[in-house]
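# Overview (structure and organization)
The primary structure of each chain is shown beneath.
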Amino acid sequence: MGFSGSSPADAGSIKLEPFQFAVQVVRGRWFMFFSSFLIMAAAGATYIFSIYSKDIKTSLGYDQSTLNTLSFFKDLGANVGIISGLINEVTPPWVVLAIGAGMNLFGYLMIYLAITGRTAPPRVWLMCLYICVGANSQTFANTGSLVTCVKNFPESRGIVLGLLKGFVGLSGAIITQLYYAIYFDDSKSLVLLIAWLPAAISIIFIHTIRIMKVVASPDGKTPRAFYHFLYISIVLAAYLMTAIIVEKSVGRHFTQPEYGVSVTIVFSLLLLPLAVVVKEELKIFNRKKRDLQNPAPIDITVEKPPKLKSNSPADATVAEGMKKQRSIVDRLRPPARGEDYSILQALVSIDMLVLFFASICGVGGTLTAIDNMGQIGESLGYPKRSIGTFVSLISIWNYAGRVTSGFASEALLTKFKLPRPLMLTAVLLLSCVGHLLIAFGVPNSLYFASVVIGFCFGAQWPLLFAIISEIFGLKYYSTLYNFGGAASPLGSYILNVRVAGHLYDVQARKQRSALGAAAAASIGKDLTCMGVECYKMSFLIITAVTVLGAAVSLVLVWRTKEFYRGDIYAKFREQRDAAEKELAIGGFGVGFEEKTRRTRFRSRLPATRVMVEE
């Protein structure tokens, strides 16, 4: 049957009204993605711990083991996000972001007050609580924004994870630049900066982060916008790297006004993706306009329902009993890989246990190197300002590892069916190079070791989280994502606190005893170790553990090789096509303003053919 109405010229008369278009931009999924960029760019405060850890150690009189215990609780908070995941299962993302902002402000503000003497020196357990709460806010930011983006872009999850995790990696260098511009060399004030900045950004963009309907790319390929975001982030990373190289080559440190100019450039590059957002939303507007001008006919197929057989009460009782028995068994029996596992099914599966163990070995080792980079540089005789250089190098190459593993793994998986777990194995083996450079203390090798460690640490995260989403599905991804992150603090506790921190203090006490009583008294209570031996044995052990993790990850490669040879995104395309077909039948014009729907879409409904199948 046909519908009469106005001419096609009416559809072409739709004009780009600035206010309505601005609302479309802010409410669109690309602006949501841009907002997540900014939240992630301020969510990496845990990666610059080595800059202010010396202030905590000297202000509160800690030894290295106590400082490493504090570092462990930082890693525990930053990576155990089960609570944020469970909250996100039952609340909208803005609730998760709001809770995280409050935790961030409280935790780091209390640390700042303690190290500046504005409060009485807290007990060690209380400092551990403060830093754990502050660092745990990072999991709320990740869950609220990153997990939401993965669900909004399921067919580009590797790229989404790589980009967003990449900005987390860059956040250390970005915050360091901002800190030097505002506070210059007052490292205690850095703690104040990381208390208010991430909280403020989360609150500003809190209502733009939400679950949205999955929309297909017009050409069926990865949206070009992702590559534009990538290019901008590469320029930002290149600029930060150039600033570090220039500062080192001129033989002096930048002045505070020079850091101010640098921060201005950084902020400009952070806001540049907004132009990509506007361009993409303009394409969406024009595409909707074309759809109005050239509506396609719709075929509706109506199937007669089959006749239902009547069952006796006895049959119904038996069927109900069998159904209950099957439900108990099904709770423990895992579905096929790629389907939606329950939380229990995922946690007890062999795939998850293998992946978790490999992550403990890999992430634990690289995180130990990152957290101890300040003390490693000090023990090997590097100047204090070089410690900031190491942190920035780790941050930038952390970013490079994340975007490289995200984009490269997606491309290799799509074109060559190369399993992501195999890429994880390669990253673990590469990280051993950085560990060995630290162990043997090769002169000036710590710069290159920072690059390798930063790259490998960053590369593991998109691979880990993409593998979890692909094998166990997206239904409970908020919780499973955070369970995967729990491998980090467990590995950090074993390798950082029990191995690196303990062996460092053993060497420091040996050196203190060798100095004699008078010399030891002159340096106070601070346990400081100097020389290659301080971390040599620790990083030889870490290297061996990482090799073990790489070997275990090959088990997951073997178990999932058939799964990755198939089309792992097929079900998402089927769900999307079904949703679009339903939308075309009953929801003409979704996405336009209500007034537009009433005045234009009703007059341009396409011809509809109805077929009835017996």
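Because the structure is a prediction, the values reported are computed rather than measured.

### Considerations on empty space enclosed by the protein
For the structure shown, the criterion picks out five cavities of 30 Å³ or more. In this structure, the largest cavity occupies an estimated 190 Å³ of space. What lines the largest cavity is a set of 19 residues, and nearest its centre among them are Ala78, Asn79, Gln138, Asn142 and Trp461. For the lining of the largest cavity, the elements supplying multiple residues, two or more each, are α5 (64–79), α8 (124–152), α16 (350–371), α20 (446–472) and α21 (477–485). Sorting elements by how many residues they give to the lining of the largest cavity places α5 first, with four residues. Counted by class, the lining of the largest cavity contains seven nonpolar, eight polar and four charged residues. A volume near 160 Å³ is recorded for the second largest cavity. Forming the boundary of the second largest cavity are 20 residues, of which Asn104, Ser137, Gln138, Ala141 and Pro198 lie nearest the centre.

### Section: unusual backbone geometry
In this model, Lys417 sits at a positive phi of 55°, which is unusual for a non-glycine residue. For Lys417, the location among the structural elements is in the loop between α18 (384–416) and α19 (420–440). Residue Asn444 is not a glycine yet carries a positive backbone phi of 60°. Inspection of the secondary structure assignment puts Asn444 in the loop between α19 and α20.

### Section: the nonpolar core
Among the nonpolar cores identified, the biggest contains 157 residues, and Phe33, Ile56, Leu163 and Phe229 are the most heavily contacted of them. Of all the elements, α20 adds the most residues to this core, at 17 residues. Setting aside residues no more than four positions away along its own chain, Phe229 makes contact with Trp30, Phe33, Phe37, Leu163, Pro273, Val276 and Val277.

### Here's the deal with the state of the cysteines
Enumeration according to the criterion identifies one disulfide in this entry. Each disulfide pairs two cysteine sulfurs, and for Cys529 the partner residue is Cys534, the sulfurs being separated by 2.0 Å. In this structure, the disulfide formed by Cys529 and Cys534 twists by about -90° around the S-S bond and is classed as left-handed. Judged by relative accessible area, Cys529 falls into the buried class, the value being 0%. Residue classification places Cys534 among the buried positions, given a relative accessible area of 1%. Distance from the sulfur of Cys128, which forms no disulfide, to the nearest cysteine sulfur (Cys132) is 8.6 Å. Looking at Cys128, the relative accessible area reads 4%, which means it is buried.

### Looking at a nonpolar patch on the surface
A surface patch of nonpolar side chains, about 250 Å² in accessible area, is lined by Leu105, Leu109 and Trp196. Mapped onto the fold, Leu105 is located in helix α7 (residues 93–115). Among the residues examined, Leu105 registers a relative accessible area of 39% and is labelled partly exposed.

### Some points on helix α10 (residues 187–204)
Over its 18 residues, α10 extends 26 Å from the first C-alpha to the last, a length consistent with the 26 Å expected when each residue adds 1.5 Å. Every buried residue of α10 is accounted for by Ser187, Ser189, Leu190, Val191, Leu193, Ile194, Ala195, Leu197, Pro198, Ala199, Ile201 and Ser202.

Procedures and definitions
Residues numbered from 1 in each chain as written. Predicted model: local features only at pLDDT ≥ 70, side-chain atom pairs only at ≥ 80, totals over all residues. Heavy atoms only, no water. 1 Å grid on protein atoms, 1.4 Å probe; cavity = no way out; pocket = protein on both sides within 12 Å on 5 of 7 lines; lining within 4 Å. Points joined across faces, edges and corners; volume = space filled by probe spheres on them. Helix = DSSP H or I, 4+ residues; strand = E, 2+ residues; numbered from the N terminus. Nonpolar A, V, L, I, M, F, W, Y, C, P; charged D, E, K, R; others polar. Core = buried A, V, L, I, M, F, W, Y, C linked by side-chain atoms within 4.5 Å. Buried < 20%, exposed > 50% of the residue type's maximum accessible area, 1.4 Å probe, protein only. Contact = heavy atoms within 4.5 Å. Disulfide = S-S within 2.5 Å. Patch = residues over 30% accessible without salt bridge, like charges linked within 9 Å, V, L, I, M, F, W, Y side chains within 5 Å. Areas by Shrake-Rupley, 256 points an atom, 1.4 Å probe, with all protein chains shown as cover. Salt bridge = Lys/Arg side-chain N within 4 Å of Asp/Glu carboxyl O. Expected span 1.5 Å × (residues − 1).

Just geometry here; none of it tells us what the structure is for.
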